[in-house]
Amino acid sequence: MKSVGILCSFCLGAMMVACVSGETYEGETRIGWDDFEKVELTGRELFFDEEIMNPYHLAVRDSFLLTLNQNTEKICHIFNLNTKKKVGERIMMGQGPNDMIHPFFIETKEALMFYAPMTSSIFRFSLDEFVKEIPLRPLSKKKLAESYFFGELSLLGDNWIGVSGRPDAPCYVFDSEGNKVQALGKYPVEPENYSELEKVDAYNGILATDGKSRVAVCRMFTDLIDFYDESGHLLKRLHGPERFYTRFVEFNDGRIMGSRPDGKYYRDAFYSPYGTDTHLFVLFNGKFVNKPGYNLLAKDILVFDWEGNPVRRYSLDKGIMRITVDSHNRKIYGISDSPEYHIVEFDY
C-alpha cells in the first residue's frame, strides 16, 4: 500500500508539473526560485508616540514616514523616524479644492506628490511646507484629461504612466499637462482565449518605473512581469517563480457585465512594486485566495534589475502587504495588519 501511495503521489506531481509547463505566454522567459540569491531579513516593528491607524499606502521622505489611511478624517499622517513622534495629519477627505478621496503617493525625489483617482488630479507639494504648515498650499495641481483613469501613477521621465484598465493597451502615458499621449505595451497572448473583459481583469496589475525610461508591469493574479522601455518596446516578459495564472470567466446577469476568477485557480501573485534607480522591488504572495487562512501578508520580496534579470529574493520573517524602499539608507518599510496595523522596518 505504501508503494502504491508513493506511485500515486509521483503521478499527481508529474501531472501538476505537466499542467504548469503547458501554460505558456508568447515570448516569455521562465524563471524559478533558484534564479534568485536568497537573503533572509528580520523585521522590527516601529513604535511611535501615537498609534498607526489604518494605512493602505506609505512613503519615506528624508527622515519622515508618511502613511495614507482609510476611515480617518485627515488622510495623510506624518511620523518622524528619528524621534518616533507623530508630526501631524494632513489632507481632508472630501471634495474641497485641496481635499482628496483615497489618494496614492507618486514616487519622486524632488517633491511630495499625490494622485487622487476620484478626481483624476495630481497634487505637488513642498515637503518642508507640507510637514510644517496648515492650511496646505499645493505648488501645482494638474488634472488628467482621461477622467476615468483610476489606477496609481508613476513618473516616466517628464510624463506620468499608469495601468489603464482598458483592453487596448495595459498602460497609458500622460504628459506634464495631463493629456494622454501614448497607449503603451501589449497584453500577453494568453493560454486562454479571453474576451476583452476577461483579459483586462486577468492581467490587472500595478506598475513601477525607474523614474526615467523603464517600466515594469506586475500582474496581481498571475506571476508575470513585463519590462518595457519608454517607447513601449517589450524588453522581457518574465513568468515565475511558480508559473501560474488565474482563470477569469465573463458573466452577464442582465444588469451587470463583468468577469470573475475561477475559484479553483484564484491566486495572488505580485503587488506593491517599488522602483529605485537601479532595481525593481515587488512583493510576491502566491496564496490561493479561497483556501482557509488566506491573508494578504506576503513574506517574499523579489528584486530585479531594469533589464528584467532576477537578482535577489528577500525572505521576510514577518508578513507585510505594502512596501516602500529607502535605497539611500538601505531600508524597506512595510505595512502589516497582524494582529493590528503597524509598520515593520527591514535593513537590506
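For the structure itself, look to the data block above.
Here the structure is a predicted model, which is why all the values come from computation and not from measurement. (Residues numbered from 1 in each chain as written. Predicted model: local features only at pLDDT ≥ 70, side-chain atom pairs only at ≥ 80, totals over all residues. Heavy atoms only, no water.)

*Asks:* Sorry, what's going on with the overall build of the protein here?
*Replies:* From N to C terminus, the protein includes three helices and 28 strands. Here the protein has a C-alpha radius of gyration of 21 Å; the compact-globule value for 348 residues is 20 Å, and the two agree. On the principal axes, the C-alpha backbone points of the protein span a range of 75 × 45 × 40 Å. Entry remark: accessible area of the protein is about 16,500 Å², with carbon and sulfur atoms responsible for 51%. (Helix = DSSP H or I, 4+ residues; strand = E, 2+ residues; numbered from the N terminus. Rg over C-alpha atoms; globule rule 2.2 N^0.38 Å. Areas by Shrake-Rupley, 256 points an atom, 1.4 Å probe, with all protein chains shown as cover.)

*Asks:* Even after reading the chapter, I still don't get the sheet that holds strand β7 (residues 85–92), so can you show me in this structure?
*Replies:* To summarise the sheet geometry, strands pair through backbone hydrogen bonds and adopt either a parallel or an antiparallel arrangement. The strand order β4-β5-β6-β7 describes an open sheet built from four strands, whose pairing is antiparallel. If you trace the sheet from one side to the other, it starts and ends with β4 (55–61) and β7, each paired once. Sheet twist, expressed as the average angle between the axes of neighbouring strands with direction ignored, equals 20 degrees. In the sheet, strand β5 (residues 64–69) pairs with strand β6 (residues 74–80) via five bridges, with the strands oriented antiparallel. Within β6, the residue paired with Thr67 across the bridge is His77. (Pairing = 2+ DSSP bridges. Axes fitted to C-alpha atoms, helices over the stretch in contact; angles between N-to-C directions.)

*Asks:* I would appreciate a short explanation of the pattern of salt bridges in the present structure.
*Replies:* Opposite charge on two side chains permits them to pair, given that their charged atoms come into close proximity. The full count for this structure, using the stated rule, is 22 salt bridges. Among the salt bridges present, the one from Arg61 reaches Glu107, with a minimum N-O distance of 3.4 Å. Highlighted residues: Arg61 in strand β4 and Glu107 in the loop between β8 (104–106) and β9 (112–116), separated in sequence by 46 residues. Look at Arg61 and you get buried, because its relative accessible area is 8%. In this structure Glu107 comes out as partly exposed when scored by relative accessible area, which is 26%. Through salt bridges that share partners, Arg44, Lys331, Glu345 and Asp347 make up one connected network. (Salt bridge = Lys/Arg side-chain N within 4 Å of Asp/Glu carboxyl O. Buried < 20%, exposed > 50% of the residue type's maximum accessible area, 1.4 Å probe, protein only.)

*Asks:* Any chance you could explain the side chain of Arg237 here in plain terms?
*Replies:* Tracing the backbone shows Arg237 in strand β19 (residues 234–239). The buried category is assigned to Arg237, whose relative accessible area is 6%. Within polar-contact distance, the side chain of Arg237 engages the backbone oxygen of Glu26 at 3.5 Å. (Polar contact = N/O pair within 3.5 Å; in protein donor to acceptor, adjacent residues only side chain to side chain.)

*Asks:* Would you take a moment to explain unusual backbone geometry for this structure?
*Replies:* Glycine aside, a negative phi is what most residues show, and trans is what most peptide bonds show. Note that the residue after Gly240, namely Pro241, is joined by a cis bond; omega there is 20 degrees. Relative to the helices and strands, Pro241 resides in the loop between β19 and β20 (248–252). The linkage connecting Ser338 with the following residue, Pro339, adopts the cis geometry, with an omega of 0 degrees. Looking at the element boundaries, Pro339 is found in the loop between β27 (331–336) and β28 (342–347).

*Asks:* I'm lost on the packing of aromatic side chains in this one. Help?
*Replies:* Remark: the centre distance and the inter-plane angle together describe each pair of aromatic rings, the angle taken between the planes. By the definition in use, this model includes 19 aromatic pairs. The interplanar angle of 75 degrees and the centroid separation of 6.1 Å between the aromatic rings of Tyr25 and Tyr203 together place this pair among those described as edge-to-face. Separated by 178 residues along the polypeptide, Tyr25 in the loop between α1 (2–22) and β1 (28–30) and Tyr203 in the loop between α3 (196–202) and β16 (205–209) bring together distant segments of the chain. The burial state of Tyr25 is the same as that of Tyr203; both residues are buried. Among the aromatic residues, ring-to-ring pairing joins Phe105, Phe114, Phe123, Phe125 and Phe130 into one connected group. For the cation-ring pair, Arg260 lies above Phe251, with the distance from its terminal atom to the ring centre recorded as 4.0 Å. Over the ring of Trp33 we find Arg313, and its NZ or CZ is 3.9 Å from the ring centre. (Phe/Tyr/Trp six-rings, centres within 6.5 Å; stacked < 30°, edge-to-face > 60°. Lys NZ or Arg CZ within 6 Å of the ring centre and 35° of its normal.)

*Asks:* Sorry if this is basic, but what is going on with the state of the cysteines here?
*Replies:* Note on terminology: disulfide describes a covalent bond linking the sulfur atoms of two cysteines. One pass over the structure, following the stated rule, counts zero disulfides. Cys218 forms no disulfide, and the closest cysteine sulfur to it belongs to Cys171, at a distance of 10 Å. (Disulfide = S-S within 2.5 Å.)

*Asks:* Is there a simple way to explain the pairing of strand β17 (residues 214–219) in this structure?
*Replies:* For a regular strand, the rule is simple: side chains alternate between the two faces of the sheet. The buried count for β17 comes to six of six residues, which makes it a mostly enclosed element. Every second residue of β17 is oriented toward a common face, with Arg214, Ala216 and Cys218 on one face and Val215, Val217 and Arg219 on the other, all of them buried. The hairpin formed by β17 and strand β18 (residues 224–229) contains four residues between the paired strands.

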